[in-house]
Amino acid sequence: MQANSVVLDIEANCRTLDEAAGKAAAAGADLLLTSELFPVGYAPLRVRNELDPARLPAIQRTIAETARKHGIALVYSLPGVTAEGLWHITATLLDDQGNELISYEKVHLFGAEESAAFSPAEAPPGVVDFLGIPTSLLICYDVEFPEPVRAAAVRGAELLLVPTALSEGFDAVPQVLLRARALESQLTVAYANHSGVEDGCTFLGGSVVAGPDGSLLAAAGAGDELLFATVDPAAAKAARAAVPYLRERRPDLYRSWEE
């Protein structure tokens, strides 16, 4: 789902998400991937200063009900607040009954505003079986570093789902970098962005799905769009058999180069 979010109009954003889930399910999709912080809008400082964390469980329940109602798995991104009071940017994969399968907290924060509003996490990406495909999550800026993608791949991930909030002017990220990440770690990468303007930020759109051979499976324009792609469950294994990048890595050697 590539769409425009209204900052802190949670009801409107959840309606947009619900409508997209219904359309995606009706078209036969198994999973709807949404963008970074979509239910609250991408405006880090406003979200941090104006959002009551006590509202988060209700938002999560609303999104889980959307998944159940339409019978579609769903990835959403929200702030998360730890017991120590640290704010993280999170992503969660729900199954088609609204049950949480896996969650992730963003490790790399982009820019001064995001870094002022949130704290960087440290836990590696996990992997879960989703419809027979080992699946993992990253968030936005994380995927611009090779290490988190490779960490997901060496843990067995063959599908990487990435909610993002990428502003205009960074066209090379979806057009070049995402396909390189998919190719070098030999997994499918799905990358869902915002569209339009939110709190003065103009978003690029340009959501993409890239295959494990670097091929472009689907690409969006600048505006609101439901982007569809089919993930071949055998594609990652075939790519890894053809060129054994993961098996022939030399991580101990690489670490010694940095010492």
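For the structure, check the block above.
Residues numbered from 1 in each chain as written. Predicted model: local features only at pLDDT ≥ 70, side-chain atom pairs only at ≥ 80, totals over all residues. Heavy atoms only, no water.

### Here we look at a nonpolar patch on the surface
Side chains of Leu183, Val243 and Tyr245 sit close together on the surface and give an oily, nonpolar patch of about 240 Å² of accessible area. Locating Val243 in the fold gives a position in the loop between α7 (235-242) and α8 (251-258). Judged by its relative accessible area of 36%, Val243 is partly exposed. (Patch = residues over 30% accessible without salt bridge, like charges linked within 9 Å, V, L, I, M, F, W, Y side chains within 5 Å. Areas by Shrake-Rupley, 256 points an atom, 1.4 Å probe, with all protein chains shown as cover. Salt bridge = Lys/Arg side-chain N within 4 Å of Asp/Glu carboxyl O. Helix = DSSP H or I, 4+ residues; strand = E, 2+ residues; numbered from the N terminus. Buried < 20%, exposed > 50% of the residue type's maximum accessible area, 1.4 Å probe, protein only.)

### Considering the pairing of strand β2 (residues 73-81)
On a regular strand, each side chain points to the face opposite its neighbour's, so the side chains alternate between the two faces of the sheet. In terms of residue burial, β2 counts as a mostly covered element, since 8 of its 9 residues are buried. The pairing of strand β1 (residues 31-33) with β2 spans 3 bridges and is parallel. Bridging across to β2, Leu33 finds its partner in Val75. As paired strands, β2 and strand β3 (residues 87-94) are joined by 8 bridges and run antiparallel to one another. Paired with Val75 across the bridge in β3 is Leu93. Remark: 5 residues form the turn of the hairpin made by β2 and β3, two consecutive strands paired antiparallel; Gly85 in that turn has positive phi of roughly 90 degrees. (Pairing = 2+ DSSP bridges.)

### Comments concerning the packing of aromatic side chains
According to the stated counting rule, one finds 6 aromatic pairs in the structure shown. When the centroid spacing of 6.5 Å and the interplanar angle of 55 degrees are considered together, the rings of Trp87 and Phe118 count as tilted. Placement of the pair is Trp87 in strand β3 and Phe118 in the loop between α4 (111-117) and β5 (128-130), with a sequence separation of 31 residues. Per residue, the accessibility class of Trp87 equals that of Phe118, and both read buried. Ring plane angle 75 degrees and centroid distance 5.0 Å describe the contact between Phe110 and Tyr141, whose orientation is recorded as edge-to-face. Of this pair, Phe110 sits in the loop between β4 (100-105) and α4 while Tyr141 sits in the loop between β6 (133-137) and α5 (146-154), and the two are 31 residues apart along the sequence. With relative accessibility at 39%, the residue Phe110 sits in the partly exposed group. Aromatic ring contacts, followed pair by pair, group Phe110, Tyr141, Phe145 and Phe170 into a single cluster. (Phe/Tyr/Trp six-rings, centres within 6.5 Å; stacked < 30°, edge-to-face > 60°.)

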